[in-house]
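# Reading the structure
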Amino acid sequence: MRPRLPSPVREIEDETFARHGVRLLLKRDDLIHPDLPGNKWRKLAPNLRAAAAAGERALLTFGGAYSNHLRATAAAGRLLGFATIGVVRGDELAGAPLNPSLARCAADGMRLHFVDRGTYRRKTEPDVLAALHDRFGAFAVIPEGGSNSLAAQGCTELGRELRGVADTAAVACGTGGTLAGLAAGLAPGQRAIGVAVLKGGSPHFLQRTVEDLQRAAFGAPCGDWRLEDRFHCGGYARRTPELDAFADAFEARHGLPLERVYVAKLLLGLTTLAEEGAFAPGSTVAAVITGMP
């Protein structure tokens, strides 16, 4: 469980950014830990410490069939001796062959519990949690994506590591916890951008979620941040020919394999913003690489 912190920063020469006089840095959070890369380490670590301090022996959390968070929680349980339970969205998956992500969870000892989508939407309601306690016994709950006030506090260090390094720091956004902490940790004069990877319902839902996380963690919304919701490519884990073509070209230019659910959408968004002149000439943009394929 020894993390590599602070994570390294690598400057890359990218023609689109250079043409607009902008430097592009990659904040390699994917190198923090082999099993808990990137924001998964930063969000899980404070939750794991709190569970251990409370004497909890089991962790229960939620995610979809390709959830990086489920996989990271399962790995953390294996490394630290917690029993882990993963509540997975989609009861049609029960009895079907496990995809590679869920197979990794199971190999790390996670008990997988598949529920229908209606029950999954109500996962935080008392009757649903009571039924889970009846089935599995005592456990500490870690929310979907690991995003809660503890996670936001854990991600402030990401912002502190980027103080004085970049004018803009950007991260892909699923449940909002990383952006909430990143923005709070940056210095005055720096700004954060969250590139949403979920299509979601109301365009303001993620905005409210990040604000609520900051209120819970820091007492009030804080930092200079905004969301970009144009680059989800159809929704979570969805891909388009444009996204694949961009990612293939980026990989060929820079020799860096791109994770497609989060990282490729982040870099597609930042490249589009650079082409639109969103970043001032002479400024520096840092993209947080939260995971590898």
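Let me begin by describing the structure that accompanies this report. (Residues numbered from 1 in each chain as written. Predicted model: local features only at pLDDT ≥ 70, side-chain atom pairs only at ≥ 80, totals over all residues. Heavy atoms only, no water.)

### Observations regarding the pattern of salt bridges
Here the structure, examined in full by the defined rule, presents 24 salt bridges. Here Arg230 ties to Glu276 by a salt bridge, and the two come within 2.9 Å at their closest N and O atoms. One end of the pair, Arg230, is in the loop between strand S9 (225-228) and helix H10 (241-254); the other, Glu276, is in the loop between helix H11 (263-275) and strand S10 (284-288), and 46 residues separate them in sequence. Taking the relative accessible area as the measure of exposure, Glu276 reaches 48% and is therefore partly exposed. Between Asp244 and Arg239 there is a salt bridge, and its shortest N-O distance comes to 2.9 Å. The exposure class of Asp244 is partly exposed, given its relative accessible area of 22%. The network of salt bridges with shared partners includes Arg239, Asp244, Asp248, Glu251 and Arg260. (Salt bridge = Lys/Arg side-chain N within 4 Å of Asp/Glu carboxyl O. Helix = DSSP H or I, 4+ residues; strand = E, 2+ residues; numbered from the N terminus. Buried < 20%, exposed > 50% of the residue type's maximum accessible area, 1.4 Å probe, protein only.)

### Here's the deal with H11
With 13 residues, H11 should cover 18 Å at 1.5 Å per step; its first-to-last C-alpha distance of 18 Å lies within 8% of that length. Where burial is concerned, most of H11 is hidden: 12 out of the 13 residues are buried. Those residues of H11 not exposed but buried are Val263, Ala264, Lys265, Leu266, Leu267, Leu268, Gly269, Leu270, Thr271, Thr272, Leu273 and Ala274. Following H11 by one or two positions, Gly277 adopts a phi angle in the positive range, close to 80°. (Expected span 1.5 Å × (residues − 1).)

### Quick look at the environment of Ala103
Along the chain, Ala103 falls in helix H4 (residues 100-107). Residue Ala103 is classed as partly exposed on the basis of its relative accessible area, which comes to 33%. Distance in space between the C-alpha atoms of Ala103 and Leu213 is 31 Å, their sequence separation being 110 residues.

### Topic: the environment of Val210
Looking at the secondary structure, you find Val210 in helix H9 (residues 205-218). Of the residues examined, Val210 reaches a relative accessible area of 0% and is grouped as buried. Separated by 35 residues in sequence, Val210 and Thr175 place their C-alpha atoms 8.1 Å apart. Look past the residues within four positions of Val210 in its chain and what remains in contact with it is Gly176, Leu179, Ala180 and Trp225. (Contact = heavy atoms within 4.5 Å.)

### Quick word on the pairing of strand S7 (residues 168-173)
Burial analysis of S7 places six of its six residues in the buried class, the great majority of the element. Note: S7 against strand S8 (residues 191-196), six bridges, orientation parallel. Note that in S8 the partner of Ala172 across the bridge is Val195. Handedness of the crossover joining S7 and S8 through helix H8 (residues 177-185): right-handed. Judged from the three bridges that link them, S7 and S10 form a sheet pairing that is parallel. When the sheet's bridge partners are listed, Ala170 is paired in S10 with Ala287. (Pairing = 2+ DSSP bridges. Right-handed = clockwise from strand over helix to strand, strands pointing away.)

### Some words on the sheet that holds strand S6 (residues 140-141)
With parallel pairing, four strands are arranged side by side in an open sheet as S5-S4-S3-S6. In this open sheet, the two strands that pair with only one neighbour each are strand S5 (111-115) and S6. Here two bridges tie strand S3 (residues 58-63) to S6, and the two strands are oriented parallel to one another. Looking across to S6, one finds that Leu60 is bridged to Val141.

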